[in-house]
Amino acid sequence: PEEGGNKNSSFIRQIGNENRITSIQVQEGNIYNQVIADQYGWGNSGYIKQTGTNHKSVLYQQNDIQDNGNEASLWSLGGNTQNIVYQEGSNNFVNSYIENNTGFEQMATSVQTGDRNRLNLAILDLETTNPVGILVTQNGADNSANLILDHFEAPYLKVEQIGGATVTIQHSAFSFPMKTD
């Protein structure tokens, strides 16, 4: 997306424990939207929802406590979307949902480093010719990834798991069970 000219940008940094981020961007017109958020500490949650075309969500979470992970929820509705999540530490959780209803591409990247991390990623594509890019990396013990892909053509998909993990990939016509409005 074009990052010059008209754009809505939100930059958030939280340091500490049990913090909450909620960011909702609704595109009107041809404006590039982006949210870039960092959370350092344990028990944090980040919720980012973007609608329209040309938007990017980036959420970085880091925790050093074994039993108190962070939670990331990213929802993108529209086209030319990018969802990027980086989590460091253990017991973290990612819920990422992308629904594409335009003739543009979408991309999802989730990187988790630590043990007992979980990822749910669903991509519902209403335009069957759109390019899709999915990168999932999990490094640590007892991690899991659940991917639900509703896409006519095979998307670009790379899943890398190091250290004992499970992955489930479904090609389904059903919507993601945890989607909320």
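As shown above, the structure is provided for reference.
Note that the structure is predicted; figures quoted are calculated from it, not measured.

K.L.:
Tell me about the overall build of the protein chain, residues and numbers included.
P.N.:
Of regular secondary structure, the protein chain possesses zero helices and 12 strands. Its helices and strands taken in sequence order, the protein chain reads β-β-β-β-β-β-β-β-β-β-β-β from the N to the C terminus. Looking at the protein chain as a whole, 51% of its 181 residues qualify as buried. Across the protein chain, the fraction of contacts at a sequence separation of at least 24, relative to all contacts at a separation of at least 6, is 57%. If you sum the accessible surface of the protein chain, you get close to 8,500 Å²; carbon and sulfur atoms cover 48% of it.

K.L.:
Hey, could you go over the nonpolar core for me, with residue numbers and the actual values?
P.N.:
With 19 residues, the main nonpolar core has Leu 119 and Leu 121 as its most contacted residues. Residue assignment for this core shows that the elements contributing at least two residues are strand 3 (32-40), strand 4 (45-62), strand 5 (71-88), strand 6 (93-100), strand 8 (118-125), strand 9 (132-139) and strand 10 (143-150). Counting residues in each nonpolar core, the second largest holds six residues, with Leu 77, Ala 122, Leu 124 and Ile 148 among its members.

K.L.:
Please give an account of a nonpolar patch on the surface that cites residues and values.
P.N.:
A cluster of nonpolar side chains, contributed by Leu 157, Val 167 and Ile 169, occupies part of the molecular surface with about 220 Å² of accessible area. Locating Val 167 in the fold gives a position in strand 12 (residues 165-171).

K.L.:
How would you sum up the packing of aromatic side chains? Please name residues and give values.
P.N.:
A full pass over the atoms with the stated rule returns two aromatic pairs. Judged by centre distance (5.3 Å) and plane angle (45°), the ring pair of Trp 75 and Tyr 97 falls under tilted. Of this pair, Trp 75 sits in strand 5 while Tyr 97 is found in strand 6, placing the two residues 22 residues apart along the sequence. Each member of the pair Trp 75 and Tyr 97 is classed as buried.

K.L.:
For the environment of Asn 117, give the residues involved together with the corresponding values.
P.N.:
Structurally, Asn 117 can be placed in the loop between strand 7 (106-113) and strand 8. Among the residues examined, Asn 117 registers a relative accessible area of 0% and is labelled buried. Spatially, the C-alpha atoms of Asn 117 and Gln 138 are 7.9 Å apart, while their sequence positions differ by 21 residues. If sequence neighbours within four positions are ignored, Asn 117 has contacts with Gly 89, Ser 90, Asn 91, Asn 92, Gln 112, Gln 138, Asp 142, Asn 143 and Ser 144. Within polar-contact distance, the side chain of Asn 117 engages the backbone nitrogen of Asn 91 at 3.3 Å.

K.L.:
Provide a residue-level description of the pattern of salt bridges, including the pertinent values.
P.N.:
It is possible for side chains bearing opposite charge to pair when their charged atoms get close. Taken as a whole and assessed by the stated rule, the structure comprises one salt bridge. In this structure, Arg 13 and Asp 38 form a salt bridge, with 2.7 Å as the shortest nitrogen-oxygen distance. With Arg 13 in strand 1 (residues 7-15) and Asp 38 in strand 3, the pair connects residues that are 25 residues apart, well separated along the chain. Residue Arg 13 is classed as exposed on the basis of its relative accessible area of 56%.

K.L.:
Provide a residue-level description of the side chain of Ser 96, including the pertinent values.
P.N.:
With respect to the secondary-structure elements, Ser 96 resides in strand 6. Relative accessible area serves as the criterion here: at 2%, Ser 96 is assigned to the buried category. Ser 96 has contacts with Leu 74, Asn 83, Asn 120, Leu 121 and Ala 122, leaving out every residue within four places of it along the chain.

K.L.:
Account for the pairing of strand 5, naming residues and giving values.
P.N.:
For strand 5, a buried count of 15 out of 18 residues is recorded, marking the element as mostly surrounded by other parts of the structure. As paired strands, strand 4 and strand 5 are joined by 17 bridges and run parallel to one another. Considered in strand 5, the bridge of Ser 45 is made with Glu 71. Sheet topology places strand 5 next to strand 6; eight bridges connect them, and they run parallel.

Reading the values: rules and limits
- Residues numbered from 1 in each chain as written.
- Predicted model: local features only at pLDDT ≥ 70, side-chain atom pairs only at ≥ 80, totals over all residues.
- Heavy atoms only, no water.
- Helix = DSSP H or I, 4+ residues; strand = E, 2+ residues; numbered from the N terminus.
- Buried < 20%, exposed > 50% of the residue type's maximum accessible area, 1.4 Å probe, protein only.
- Contact = heavy atoms within 4.5 Å.
- Areas by Shrake-Rupley, 256 points an atom, 1.4 Å probe, with all protein chains shown as cover.
- Core = buried A, V, L, I, M, F, W, Y, C linked by side-chain atoms within 4.5 Å.
- Patch = residues over 30% accessible without salt bridge, like charges linked within 9 Å, V, L, I, M, F, W, Y side chains within 5 Å.
- Salt bridge = Lys/Arg side-chain N within 4 Å of Asp/Glu carboxyl O.
- Phe/Tyr/Trp six-rings, centres within 6.5 Å; stacked < 30°, edge-to-face > 60°.
- Polar contact = N/O pair within 3.5 Å; in protein donor to acceptor, adjacent residues only side chain to side chain.
- Pairing = 2+ DSSP bridges.

Everything listed here is a matter of geometry and, on its own, says nothing about what the molecule does.
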